Amino acid sequence: MRVVQGTLEVRSKTRFDVIDVTGEVERWLTQVKARNGILVAYIPHTTAALAINEGEEGLLEDIVELLKELTKPEKSWKHNMVDDNAHAHLGNVIVGGDKVIPVSDGRLALGTWQRLLLLELDGPRVRRVNLVYVGE
Ligand code: ZN
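Here the residue index of a chain counts from 1 through its sequence in written order. The model is predicted, so local features are restricted to residues of pLDDT at least 70 and side-chain atom pairs to those at 80 or more, both for listing and for counting; the totals for chains, interfaces and linings are taken over all residues. To obtain the side-chain values, all non-hydrogen atoms of the structure were used and water was disregarded.

(A) Here's a closer look at the overall build of the protein chain. Think of it this way: any DSSP run of H or I at least four residues long counts as a helix, any run of E at least two long counts as a strand, and we number them from the N terminus. From N to C terminus, the protein chain includes 3 helices and 8 strands. Ordered by position from the N terminus, the helices and strands of the protein chain form the series β-β-α-β-β-α-α-β-β-β-β. C-alpha atoms define the radius of gyration, and 2.2 Å times the number of residues to the power 0.38 defines the globule rule. Scaling as 2.2 N^0.38, a compact globule of 136 residues should have a C-alpha radius of gyration of about 14 Å, and the protein chain matches this with 16 Å. Here's how the labels work: a residue is buried when its accessible area is under 20% of the maximum for its type, exposed when over 50%, partly exposed in between, all with a 1.4 Å probe on protein chains only. Looking at the protein chain as a whole, 43% of its 136 residues are labelled buried. Sequence-distant contacts in the protein chain: of pairs separated by 6 or more residues, those separated by 24 or more amount to 83%. Side chains of the protein chain carry 17 positive and 20 negative charges; the gap between the two charge centres is 6 Å. Only heavy atoms matter for contacts: two residues are in contact if any of them lie within 4.5 Å across the pair. Charge counting treats Lys and Arg as positive and Asp and Glu as negative, with His and both chain ends excluded. Each charge is placed at NZ for Lys, CZ for Arg, CG for Asp and CD for Glu.

Put into structure tokens, the structure is as follows:
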């Protein structure tokens, strides 16, 4: 069994952004010659999140809209007294920042419509996605 670690850098373009990182993660799996095992994807950030869902453009806008409704960026949250991004922290708490995905024959064993999505909630920024592959 092997354990391989790596990091992807992802640049978000707007305050709210959804970035499909599936292709980059699979390229990394190819580079490290992954075969069968699991991949842990983890973002070391408190104002972004990771989700697995469909990458359809309208749905990505719906996800942003839902998170805005739930986290109310315009509300005077206490954290906004020190840092004007409470909504982004709250979005991270709701969605989470890590995923474990099976790897089969060197590829992410995702469902037909599933993609690994980085949800930017306080961009634009450069984000990191830490990867750990455990397997053959
Ligand atoms: Zn903050």
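We are not done yet, so read on.
(B) Representation of the pairing of strand β5 (residues 98-104) in the model. In this analysis, strands are considered paired if DSSP registers two or more bridges between them. Pairing analysis gives 6 bridges linking strand β3 (residues 37-42) to β5, with the strands arranged antiparallel. Opposite Val40, over in β5, you have Val100 as the bridge partner. In this sheet, strand β6 (residues 107-108) lies alongside β5 in antiparallel orientation, the contact comprising 2 bridges. Counted as the bridge partner of Val103 is Leu108 from β6. Here β5 hands over to β6 after 2 residues, with Asp105 in that stretch at a positive phi of 50°.

(C) Structural context of the packing of helix α2 (residues 57-71) against helix α3 (residues 86-95). For helices, the axis comes from a line fit to the C-alpha atoms of the stretch in contact; other axes are also lines fit to C-alpha atoms, and the angle between any two N-to-C directions lies between 0 and 180 degrees. Following both chains from N to C, one finds α2 and α3 inclined at 110°, their axes separated by 9 Å at the closest point. The angle between the axes of α2 and α3 places the two elements in the roughly perpendicular class. On α3, the residues that touch Leu67, Leu70 and Thr71 of α2 are His87, Leu90, Gly91, Ile94 and Val95. For the contact of α2 with α3, the class distribution of residues is 5 nonpolar, 3 polar and no charged. Orientation labels follow simple angle bins: below 35 degrees gives roughly parallel, above 145 gives roughly antiparallel, 65 to 115 gives roughly perpendicular, and whatever is left gives oblique. Polar here means any residue outside two lists: the nonpolar Ala, Val, Leu, Ile, Met, Phe, Trp, Tyr, Cys and Pro, and the charged Asp, Glu, Lys and Arg; Gly therefore counts as polar.

(D) Fine view of the coordination of the zinc ion. Distances up to 2.8 Å from the metal define which N, O and S atoms are donors, and 3.2 Å serves for Na, K and Ca; water is absent from the atom set, so sites may look incomplete. Those donors, His79 (NE2), Asp83 (OD), Asn85 (OD1) and His89 (NE2), are the protein atoms that reach the zinc ion, and they lie 2.1 to 2.2 Å from it. A site with four donors is called tetrahedral when every donor-metal-donor angle falls between 85 and 135 degrees; four donors are called square planar, and six octahedral, when opposite donors sit more than 155 degrees apart and all other angles fall between 65 and 115; any other arrangement is irregular. What the 4 donor atoms of the zinc ion show is an angle range of 92 to 154° at the metal, which sorts the shape as irregular. By relative accessible area, Asn85 is classed as buried at 2%.

(E) Broad picture of α3. Among the residues of α3, Ala86, His87, Ala88, Gly91 and Asn92 are the ones counted as buried. The inward-facing, buried residues of α3 contact β4 (48-53) and α2. Directly beyond the C-terminal end of α3, a positive phi value near 95° is found at Gly96.

(F) The pattern of salt bridges, seen in detail. Definition used for salt bridges: Asp or Glu carboxyl oxygen within 4 Å of a side-chain nitrogen of Lys or Arg. Overall, the coordinates contain 4 salt bridges when judged by the stated rule. The shortest N-O distance in the salt bridge between Asp20 and Arg115 comes to 2.7 Å. With a gap of 95 residues between them, Asp20 in strand β2 (residues 17-20) and Arg115 in strand β7 (residues 115-120) connect regions that are remote in the sequence. Accessibility expressed as a relative area gives 35% for Asp20, which makes it partly exposed. Judged by its relative accessible area of 32%, Arg115 is partly exposed. With a shortest N-O distance of 2.5 Å, Asp122 and Arg125 are connected by a salt bridge.

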